[in-house]
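Inside the fold
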Amino acid sequence: MEFLKGTKVYSIFTGTCPVCQKESMYKESNPYQISSTLKMEERCSNCRTKYKIEPSFFYGAMYVSYPVGLFFASIALFLCFFILHLSLLTTFLVIVVEMILVLPIILRLSRNIWINFFLHYKQPLKSEQKA
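Residues numbered from 1 in each chain as written. Predicted model: local features only at pLDDT ≥ 70, side-chain atom pairs only at ≥ 80, totals over all residues. Heavy atoms only, no water.

**A few points about the overall build of the protein**
Threshold: Strands here mean DSSP runs of E at least two residues long; helices mean DSSP runs of H or I at least four residues long; both are numbered from the N terminus. For the exposure calls, accessible area comes from a 1.4 Å probe over protein chains only, and a residue counts as buried if that area is under 20% of its type's maximum, exposed if over 50%, partly exposed in between. Only heavy atoms matter for contacts: two residues are in contact if any of them lie within 4.5 Å across the pair. A 1.4 Å probe and the Shrake-Rupley method give the accessible areas. Residues count as covered only by the protein chains that appear here. His is not counted, nor are the chain ends, whereas Lys and Arg count as positive and Asp and Glu as negative. Lys charges are placed at NZ, Arg charges at CZ, Asp charges at CG and Glu charges at CD.
A count of helices and strands for the protein gives four helices and zero strands. For the protein, the N- to C-terminal ordering of α and β elements is α-α-α-α. Based on the C-alpha atoms only, the size of the protein along its principal axes is roughly 60 × 35 × 25 Å. Relative to its 131 residues, the protein shows a buried fraction of 34%. Look at the contacts in the protein between residues 6 or more apart in sequence, and 59% of them connect residues 24 or more apart. Put simply, the protein shows about 8700 Å² of open surface, and 67% of that area lies on carbon and sulfur atoms. Taken as two groups, the 14 positive and 8 negative side-chain charges of the protein have centres that lie 5 Å from each other.

And the structure:
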């Protein structure tokens, strides 16, 4: 995924700082470590970007989590109902289980997308690239 470095897509899918993309925004890299799924660093130690721009900043990520969740549910619906031809009840149960299992990923992706609306990648200076 190194070829995407410098794009918002890279920051969203890797969970790295949206400004420098050098380190993770999260204290725990594993989203399934439930007690610390959403625990974030206060600032990037590389570029000193503050992640929580204002109090309750990440409440806006709730608006992003809905379409992200719909995307995951739609994939499960398509695979189960149209490809595997499972019954409607079985498909529903698969979607419910899938949504429970991918919840930590949806939460992090939503936060990553939300912060990337407001912060943008800054190309390192030539002198910083050599170091």
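From this point on, the discussion continues.
**Things to note about the state of the cysteines**
Basically, it comes down to this: When the sulfur atoms of two cysteines come within 2.5 Å, that pair is taken as a disulfide.
All chains considered together, the criterion is met by zero disulfides. Lacking any disulfide linkage, Cys20 is separated from the closest cysteine sulfur, that of Cys44, by 3.5 Å. What makes Cys44 buried here is its relative accessible area of 0%.

**As for a nonpolar patch on the surface**
Put simply, the rule reads: Patches here: salt-bridge-free residues with over 30% relative accessible area, like charges joined within 9 Å, nonpolar side chains (Val, Leu, Ile, Met, Phe, Trp, Tyr) joined within 5 Å. For this analysis, a salt bridge means a side-chain nitrogen from Lys or Arg found within 4 Å of a carboxyl oxygen belonging to Asp or Glu.
There is a patch of nonpolar side chains on the surface, built from Phe71, Ile75, Leu77, Phe78, Leu79, Phe81, Phe82, Ile83, Leu84, Leu86, Leu88 and Val94 and spanning about 1100 Å² of accessible area. Sort the elements by how many residues they give to the nonpolar patch and helix 2 (residues 61-83) lands first, with eight residues. The residue Leu88 is located in helix 3 (residues 88-118) in this model. By relative accessible area, which is 59% here, Leu88 ends up exposed.

**Description of the environment of Pro18**
Position of Pro18 among the secondary structure elements: in the loop between helix 1 (8-14) and helix 2. Taking C-alpha positions, Pro18 is 19 Å from Asn30, a pair spaced twelve residues apart along the chain. When sequence neighbours within four positions are dropped, the list of residues in contact with Pro18 reads Ser11, Met25, Tyr51, Ile115, Asn116, Leu119, His120 and Tyr121.

**Thoughts on the packing of aromatic side chains**
Convention followed: Here a pair means two rings of Phe, Tyr or Trp (six-membered ring of Trp) with centres within 6.5 Å. Their orientation is stacked below 30 degrees between planes, edge-to-face above 60, and tilted elsewhere. By definition, being over a ring means that NZ of Lys or CZ of Arg is both within 6 Å of the ring centre and within 35 degrees of the ring normal.
A full pass over the atoms with the stated rule returns eight aromatic pairs. Ring plane angle 85° and centroid distance 5.9 Å describe the contact between Trp114 and Phe117, whose orientation is recorded as edge-to-face. Note that Trp114 and Phe117 are positioned in helix 3 at a spacing of three residues, about one turn of the helix. Since its relative accessible area comes to 17%, Trp114 is described here as buried. When the centroid spacing of 5.1 Å and the interplanar angle of 65° are considered together, the rings of Trp114 and Phe118 count as edge-to-face. Here Trp114 pairs with Phe118, and both are found in helix 3, just four residues apart, close to one helical turn. For Phe118, a relative accessible area of 42% puts it in the partly exposed group. Among the aromatic residues, those joined into a ring-pair cluster are Phe57, Phe58, Trp114, Phe117 and Phe118. Taking the ring centre of Tyr26 as reference, the NZ or CZ of Arg108 above it sits at 4.1 Å. Sitting above the plane of the Phe58 ring, Arg111 keeps its charged end 4.6 Å from the centroid.

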